[in-house]
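# Chain and residue survey
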Amino acid sequence: MIAKRSKNLALGLLPRMDARPRKSGGWTFRYYTYDRKYINLGHDRAEAIRKVLEMERRAPDTGTVAELVREFLASGQFKNELGQRTQDDYIEASKHILRVFGAMPVEAVKPPHVARYLRVERAAAPVRANREVAFLASAFQFGIEQGYAAVNPCRQVRRNKERPRSRCPSWEELESFCATAAKKGPSSHVVGLMGKFIALTGRRRAEFLRLPKADVGDDGIAIGFAKAKAGEAKRRGLIGWTPALRRLFDELAALRRTQRDGKTPIPESIFVFTNREGQPYTDSGFKALWAKIMGDWLAEDPTRERFTFHDLRGYYVTRMVEREENPETHANPATTRRVYDRRRVVKIKGSA
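Rules used in this analysis
Numbering of residues starts from 1 in each chain and follows the order in which that chain's sequence is written. Predicted model: local features are reported for residues with pLDDT of at least 70 only, side-chain atom pairs are reported and counted for 80 or more only, and whole-chain, interface and lining totals are derived from all residues. The side-chain quantities take in all heavy atoms of the structure and omit both hydrogens and water. UniProt positions are given in the numbering used here, feature names are shortened, and annotations may be inferred rather than shown by experiment. When two rings of Phe, Tyr or Trp (its six-membered ring) have centres within 6.5 Å they constitute a pair, described as stacked for plane angles under 30 degrees, edge-to-face for angles over 60, and tilted for the intermediate range. The secondary structure listing takes helices from DSSP runs of H or I that are at least 4 residues long and strands from runs of E that are at least 2 residues long, numbered from the N terminus. Categorising residues by exposure relies on relative accessible area from a 1.4 Å probe, with only protein chains included: less than 20% of the type maximum marks a residue as buried, more than 50% marks it as exposed, and the intermediate range marks it as partly exposed. Here, over-ring charges are defined by two tests on the NZ atom of lysine or the CZ atom of arginine: distance to the ring centre within 6 Å, and angle to the ring normal within 35 degrees. Any two strands between which DSSP finds at least two bridges are classified as paired. Here the axes come from fitting lines to C-alpha atoms, over the contacting stretch only for helices, and the angles between their N-to-C directions go from 0 to 180 degrees. For this analysis, residues touch if any pair of their heavy atoms sits within 4.5 Å.

The name an unreviewed UniProt entry assigns to the protein is Tyrosine-type recombinase/integrase, from the organism Pigmentiphaga daeguensis. Under Sequence similarities (unreviewed entry), UniProt gives the following word-for-word description of the protein: "Belongs to the 'phage' integrase family."

If you want it as structure tokens, here you go:
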């Protein structure tokens, strides 16, 4: 049998799943069958969970939150009605939810338990805790519709307060950050240029991490909208060329990149922003490299102030609003103003 290892809970694995560390980093996931054999599930956690959900219709945890989560993640509602980004976010949220609630019977989960999760269990990450409880609420709503649950305890609990960020980095700060990235090597240089891309266009990571070269043409850069709701017609945007965007793509094209041996050129890729294997960055891989570059940039000058990749969307929106132009970053203009408008001084016109 699988040993009851704390790391399995920390990784949010399903019952009978196990994780073994790899020498090169990351994990190899496997499944322990009821006839005492191991099945290799690969290195991708989300894909490993999906494989287990397909193999095992029910596990010996009937009536628990673990079963509820498993059935929700395997449902057509999850796979067909939610966007890929939401699915990825929910799978990531399930890791923490299962760690705390997995063994609890569904009917035993009460509003005070959810409140404690928000205020105590995840006190260090209050905003992320809100997203995780949103996932749990969706799972319980699915459970009510399928007969797994009678009530949704998440609906009666106030979420943690979220204060919109006010940091708006300057273009000079971004140029300095990109210079630090370039000194670390071509791969970091690409990430720095991705930062410039979002500051110039206001796009979400999910909209350009896998941007194909075929979508870059003489008339502009074609971009899909990542937050289109299920059932809505898919819309695409066309980013017109500006001198700054031209310089960014020229700088990207001028990079001479090699594979890990330092000699072999990276293979020709169909994507615009790629790692040293010619593949697009994963969201987690991008975040890790961004954090390393940011750490080096801050270490160069103690007076510098950290900014997030998301703050660069704020930079874009703020510049567009100052020019009285529509940022086209969110379907709801009120949300755009509340979350992304980082102006320190707002101009007010007189009535006459």
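Inspection of the entire model under this criterion finds 24 aromatic pairs. On the basis of an interplanar angle of 45° and a centroid distance of 6.3 Å, the ring pair of Phe 72 and Tyr 90 is categorised as tilted. With a gap of 18 residues between them, Phe 72 in helix H3 (residues 65–74) and Tyr 90 in helix H5 (residues 84–101) connect regions that are remote in the sequence. According to the relative accessible area criterion, Tyr 90 is buried, its value standing at 14%. Between the aromatic rings of Phe 72 and Phe 135, the centroid separation amounts to 6.0 Å while the plane-to-plane angle is 40°, which identifies the pairing as tilted. With Phe 72 in helix H3 and Phe 135 in helix H7 (residues 126–146), this pair connects stretches of sequence that are 63 residues apart. The residues Phe 72 and Phe 135 share a single accessibility class, namely buried. Ring pairs connect the aromatic residues Phe 177, Phe 197, Phe 208, Trp 241, Phe 249, Phe 273, Phe 286, Trp 290, Trp 297, Phe 307 and Phe 309, which therefore count as one cluster. The ring of Tyr 38 carries Arg 30 above its face, with NZ or CZ at 3.6 Å from the centroid. Its guanidinium or amino end placed over the ring of Trp 241, Arg 246 lies 4.1 Å from that ring's centre, counting from NZ or CZ.

On the basis of which strands lie adjacent, the open sheet formed by three strands has the order S1-S2-S3 and antiparallel pairing. In this open sheet, the two strands that pair with only one neighbour each are strand S1 (17–21) and strand S3 (38–42). Between one strand and the next, the sheet's axes are offset by a mean angle of 30°, whatever the strand orientation. Strand direction decides the pairing type here: S1 and strand S2 (residues 27–32), joined by five bridges, are antiparallel. Across the sheet, the residue bridging to Arg 20 is Thr 28, located in S2. Across the face of the sheet, helix H2 (residues 45–55) comes into contact with S1, S2 and S3 while running at roughly 140° to S3.

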